[in-house]
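Read off the chains here:
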Amino acid sequence: MSDDVRLVAWVRGRVQGVGFRWFTRARALELGDLSGFALNLGDGRVQVVAEGPRKRCEDLLDWLRGADTPGTVDGVTEIWDTPRGGYEGFAIR
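Predicted model only: the values in this text are computed from it and were never measured. (Residues numbered from 1 in each chain as written. Predicted model: local features only at pLDDT ≥ 70, side-chain atom pairs only at ≥ 80, totals over all residues. Heavy atoms only, no water.)

In this section: the UniProt feature "active site" (unreviewed entry) in the protein. As annotated in UniProt, the feature "active site" (unreviewed entry) corresponds to R21 and N40 in the numbering used here. These annotated residues cover 20 residues of sequence, but their C-alpha atoms sit close together, with the largest distance between any two at 7.7 Å. Assignment of secondary structure puts R21 in helix 1 (residues 20-31). Take R21: its relative accessible area is 24%, and that puts it in the partly exposed class. Tracing the backbone shows N40 in strand 2 (residues 35-40). Side chain to side chain, N40 and R21 meet in a polar contact 3.5 Å long. (UniProt positions renumbered as here; feature names shortened; annotations may be inferred. Helix = DSSP H or I, 4+ residues; strand = E, 2+ residues; numbered from the N terminus. Buried < 20%, exposed > 50% of the residue type's maximum accessible area, 1.4 Å probe, protein only. Polar contact = N/O pair within 3.5 Å; in protein donor to acceptor, adjacent residues only side chain to side chain.)

Residues A9, V11, V48, L60 and L64 are the most contacted members of the largest nonpolar core, which totals 20 residues. A per-element tally of this core places helix 2 (residues 54-65) first, with 5 residues. Other than its neighbours up to four places away in sequence, A9 contacts V46, Q47, V48, L61, L64, V76, T77 and E78. V8, W10, F37 and L41 belong to the second largest nonpolar core, which has 5 residues in total. (Core = buried A, V, L, I, M, F, W, Y, C linked by side-chain atoms within 4.5 Å. Contact = heavy atoms within 4.5 Å.)

The next subject is the environment of F23. Here F23 lies in helix 1. When the C-alpha positions of F23 and D33 are compared, they lie 16 Å apart, and in sequence the two are 10 residues distant. When near neighbours in sequence (up to four residues on either side) are disregarded, F23 contacts W63 and P70.

This paragraph deals with helix 2. For helix 2, with 12 residues, the first-to-last C-alpha span of 17 Å sits near the 16 Å given by 1.5 Å per residue. Listed in full, the buried residues belonging to helix 2 are C57, D59, L60, L61, W63 and L64. Of the surrounding secondary structure, the elements contacted by the buried residues of helix 2 are strand 1 (4-14), helix 1, strand 3 (46-53) and strand 4 (72-81). (Expected span 1.5 Å × (residues − 1).)

Our focus in this paragraph is unusual backbone geometry. Positive phi outside glycine occurs at D33, with the angle close to 60°. Its place among the elements puts D33 in the loop between helix 1 and strand 2.

Following this line, the structure appears as structure tokens:
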């Protein structure tokens, strides 16, 4: 049985125009075994989709909520699901 999961997170705050997507990708690559993307949304949020081992996704979510992110994070909403696949690496969209 696989412990792989899909994390979809929406990050609110001053998270666009500050390198947030780039640093999110860098953190995902540093954690390893994650695929997905970070995407600026029209309403000012950043959407992060990550698939991989649950622990790595939890670590990425902790980082998104932490003080080490660029900009200012006011809140993060997340949902968990089963992986869908189809991602090659971790991209900035």
